[in-house]
Amino acid sequence: MNEFHVSLSGGSTPKIVFDFLAENYHDEIDWSSVYFYWGDERCVPPEDADSNYKMTKAHLLSKIEMPAENIFRIKGEDDPEAEAVRYAEVLKKQLPTANGMPQFDLVILGMGGDGHTASIFPNEIALWDADSYCAVATHPESGQKRVGLTGEIINNAKTVAFLVTGADKANKVEEIIGQKAGYEKYPASRVSPKSGELLWFLDRDAAAGLG
Ligand code: 6PG
């Protein structure tokens, strides 16, 4: 199997998918050909309850045979600005190139109830167009720093898949997919891979507004 480079989302939604993969594809996938990255990470140590890496390790990494060298976590414990620079270099070094920049085979994204994705929040939507592959964001309520991918590398992926669940997301899903007035203010609306391969995986509650 060729190498498969995947950027994982954080938060709580991915737990469903990670648990399913660990339970049903433990032996079906040659994990030595899969390479994991993160779309964003909270600026906390990897053992912190807020860490996306910790969540992924608990629900997936600790249950599959993936070589440690295939796992490229964002180092939340380090200086955010320095880590954003370092991680961008990791992507340049590890990923194949297409359209003159690193290309993921798959970027998995979540979406917040405010329409944020990765860690680009509506009040910092300018980060989407940053000229670096990674940027430092700030959670609008908690002030927590995050390091994450920016728009150009997300939209350079072969495939982008949103995983969105819960009734609290339904309005934004409807506004963004339906391109309702003002939808462009939500960072999730900027996800538009050049490949055209954009998938939405929704539960019934999150899809309630789609008719
Ligand atoms: C994060 C995520 C973020 C997440 C959304 C949805 O680090 O929080 O990357 O973008 O995907 O906030 O989070 P839930 O899945 O917890 O609803």
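Everything below is about the structure shown above.
Residues numbered from 1 in each chain as written. Predicted model: local features only at pLDDT ≥ 70, side-chain atom pairs only at ≥ 80, totals over all residues. Heavy atoms only, no water.

1. Description of the pairing of strand β8 (residues 145–149)
With respect to burial, β8 is a largely interior element, four of its five residues being buried. Of the pairings in the sheet, the one linking strand β3 (residues 40–42) to β8 comprises three bridges and is antiparallel in character. Across the sheet, residue D40 finds its bridge partner in β8, namely G148. Count of turn residues in the strand β7 (residues 134–138)/β8 antiparallel hairpin: six residues, of which G143 carries a positive phi of about 75°. (Buried < 20%, exposed > 50% of the residue type's maximum accessible area, 1.4 Å probe, protein only. Helix = DSSP H or I, 4+ residues; strand = E, 2+ residues; numbered from the N terminus. Pairing = 2+ DSSP bridges.)

2. Let's talk about the site of the ligand
Lining the immediate environment of the ligand, one finds 14 residues, of which S12, T13, D40, R42 and A118 sit closest. H116 has a polar side-chain atom sitting 2.8 Å from an oxygen atom of the ligand. Contact between the ligand and A118: an oxygen atom at 2.5 Å from a main-chain N or O atom of the residue. Tallied by class, residues from the shell around the ligand come to two nonpolar, eight polar and four charged. (Near = heavy atom within 4 Å. Polar contact = N/O pair within 3.5 Å; in protein donor to acceptor, adjacent residues only side chain to side chain. Nonpolar A, V, L, I, M, F, W, Y, C, P; charged D, E, K, R; others polar.)

3. What to know about the packing of aromatic side chains
Within the structure shown, the criterion is met by six aromatic pairs. The structure contains a cluster of three or more aromatic residues connected by ring pairs, namely Y37, F72 and F104. Against the face of Y53 rests R73, its NZ or CZ located 5.7 Å from the ring centre. (Phe/Tyr/Trp six-rings, centres within 6.5 Å; stacked < 30°, edge-to-face > 60°. Lys NZ or Arg CZ within 6 Å of the ring centre and 35° of its normal.)

4. A closer look at the nonpolar core
Nonpolar side chains in soluble globular proteins tend to be buried together. F36, Y87, L91 and F104 are the most contacted members of the largest nonpolar core, which has 56 residues in total. In this structure, F36 is in contact with V6, L8, W31, L60, L61, I64, M66, N70, I71 and F72, ignoring residues within four places of it in sequence. (Core = buried A, V, L, I, M, F, W, Y, C linked by side-chain atoms within 4.5 Å. Contact = heavy atoms within 4.5 Å.)

Keep in mind that these numbers describe shape and distance, not what the molecule does.
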